[in-house]
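Structural characterization, general
Residues per chain, in single letters:
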Amino acid sequence: MPGYVSTAESSPKSTPDNPIQDTPRAIPPLPDFNGRVLGCAAFCGIIIAGLICWVQKDAKKLIAYSSVSHMGFCVLGLFALDPLNIASSGAVMYMISHGLSTGALFLCIGMLYDRFHTRNMDVMSGLSRVMPIWASFFVFFILASVGLPGLNGFVGEFLVMLGVFQSPMTTLGWPFAVLAATGVIIAAIYLLYLAGRVVWGPMLVPEVHGFAADEKHHVRDLSGREITALLPLAVL
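One structure accompanies this document, and this report is about it. (Residues numbered from 1 in each chain as written. Predicted model: local features only at pLDDT ≥ 70, side-chain atom pairs only at ≥ 80, totals over all residues. Heavy atoms only, no water.)

For the chain, the count of helices and strands is eight helices and zero strands. Its helices and strands in sequence order give the chain the pattern α-α-α-α-α-α-α-α, from N to C terminus. The 236 residues of the chain split such that 41% are buried. When contacts within the chain are restricted to residue pairs at least 6 apart in sequence, those whose partners lie at least 24 apart make up 76%. Accessible surface for the chain amounts to roughly 12,700 Å². Of this, 69% is attributable to carbon and sulfur atoms. (Helix = DSSP H or I, 4+ residues; strand = E, 2+ residues; numbered from the N terminus. Buried < 20%, exposed > 50% of the residue type's maximum accessible area, 1.4 Å probe, protein only. Contact = heavy atoms within 4.5 Å. Areas by Shrake-Rupley, 256 points an atom, 1.4 Å probe, with all protein chains shown as cover.)

Shown next, in the form of structure tokens:
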């Protein structure tokens, strides 16, 4: 046919000195430098969002920004490209566990807001004395979000760090695992600070509904409906 060029005729032939793959790649491979660029972006997200969490006074904002920091680990896992795909599997598990623990923390803060109409950590502390059931759930979910061994957050975080450590130096490599470990430390600092500030410390309850701050009898612990909402998340 005029104007038609056969690819079979125009393509170079395979010879012993110049072997050519018979099956071409449908999608070109991702350039190596993209892994490091995305790794640097993920590391910056982990550190910057972690430092933002550190200075928050609003408990809900602290948990919200912690999600941004934690998603940086998922990005590292997805683009580690380690030989056994350990990091990508860890990233998926990390997203699932993070959704459970962070969602539960949002519920706990919402239960506080329903009682005190504030999320300011400066006006409430020592709530374990008047709300022991709530405090137990809250600390449990905080430890799961930190990645305490034995809880769901540890599995995904460990697999991501292991996969990034074993990834080729052309993509991420062990330096990114070492850098990301600083994000783990920062996360532990601001989350444990949140728990220590609200759950323990001197007894401080905000004034609400006409009750003075020193009147503790108006503070009620979790109801059966609220426990039912939190218990499945704690089991998972």
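So much for the structure itself; the text now carries on.
It is the contact of helix α5 (residues 132-146) with helix α7 (residues 174-198), at a shortest axis distance of 9 Å, that shows an interaxial angle of 175°. By the angle between their axes, α5 is roughly antiparallel relative to α7. Contacts from Trp134, Phe138, Ile142, Leu143, Ser145 and Val146 in α5 reach Ala188, Leu191, Leu192, Leu194, Ala195 and Val198 in α7. Per-class residue counts for the contact of α5 with α7 are eleven nonpolar, one polar and no charged. (Axes fitted to C-alpha atoms, helices over the stretch in contact; angles between N-to-C directions. Parallel < 35°, antiparallel > 145°, perpendicular 65-115°, else oblique. Nonpolar A, V, L, I, M, F, W, Y, C, P; charged D, E, K, R; others polar.)

Attention shifts here to empty space enclosed by the protein. Considering all chains together, one arrives at one cavity of 30 Å³ or more under this definition. Considering only enclosed or pocket space, the largest cavity measures out at about 80 Å³ in volume. Taken together, His70, Tyr94, Ser97, His98, Ser101, Ala144, Ser145, Val146, Gly147, Asn152, Gly153 and Glu157 make up the full set of residues lining the largest cavity. Considering every element that reaches the lining of the largest cavity, the biggest residue donor is helix α4 (residues 86-116), with four residues. When grouped by side-chain class, the residues that make up the lining of the largest cavity number three nonpolar, eight polar and one charged. (1 Å grid on protein atoms, 1.4 Å probe; cavity = no way out; pocket = protein on both sides within 12 Å on 5 of 7 lines; lining within 4 Å. Points joined across faces, edges and corners; volume = space filled by probe spheres on them.)

Let us look at the packing of helix α3 (residues 59-78) against α7. Put simply, α3 and α7 touch, their axes get as near as 11 Å, and they point 160° apart. By the angle between their axes, α3 is roughly antiparallel relative to α7. Judged by the twist between their axes, the crossing of α3 over α7 is left-handed. Residues Ala59, Leu62, Ile63, Ser66, Ser69, His70, Phe73 and Leu76 of α3 form the contact with α7, whose participating residues are Phe176, Ala180, Gly183, Val184, Ala187, Tyr190, Leu191 and Leu194. Its residues assigned to classes, the contact of α3 with α7 shows twelve nonpolar, four polar and no charged. (Left-handed = near helix turned anticlockwise from the far one by under 90°.)

Before going further, it helps to examine the nonpolar core. Among the nonpolar cores identified, the biggest contains 55 residues, and Leu127, Trp134, Phe138 and Leu194 are the most heavily contacted of them. At the level of elements, α2 (32-54), α3, α4, α5, α6 (152-166), α7 and α8 (224-235) are the ones that each hand at least two residues to this core. Per element, the largest residue contribution to this core is eleven residues, and it comes from α7. Contacts of tryptophan 134, omitting those with residues within four sequence positions, involve Cys108, Met111, Leu112, Leu127, Val198, Val199, Asp221 and Leu222. (Core = buried A, V, L, I, M, F, W, Y, C linked by side-chain atoms within 4.5 Å.)

Right, let's talk about the side chain of serine 145 for a bit. Mapped onto the fold, serine 145 is located in helix α5. The buried category is assigned to serine 145, whose relative accessible area is 7%. Excluding its chain neighbours within four sequence positions, the residues that come into contact with serine 145 are His70, Ser101, Leu105 and Leu191.

A word on α4. Along its 31 residues, α4 runs 44 Å from first to last C-alpha, staying within 8% of the 45 Å computed at 1.5 Å per residue. Following α4 by one or two positions, histidine 117 adopts a phi angle in the positive range, close to 60°. (Expected span 1.5 Å × (residues − 1).)

On to the side chain of threonine 118. Examined against the element boundaries, threonine 118 turns out to sit in the loop between α4 and α5. We classify threonine 118 as buried; its relative accessible area is 19%. From its side chain, threonine 118 meets the backbone nitrogen of asparagine 120 in a polar contact 3.2 Å long. (Polar contact = N/O pair within 3.5 Å; in protein donor to acceptor, adjacent residues only side chain to side chain.)

As a further point, take the environment of methionine 121. With respect to the helices and strands, methionine 121 occurs in the loop between α4 and α5. Taking the relative accessible area as the measure of exposure, methionine 121 reaches 1% and is therefore buried. When near neighbours in sequence (up to four residues on either side) are disregarded, methionine 121 contacts Gln56, Lys57, Ala59, Leu62, Tyr193, Leu194, Arg197 and Val198.

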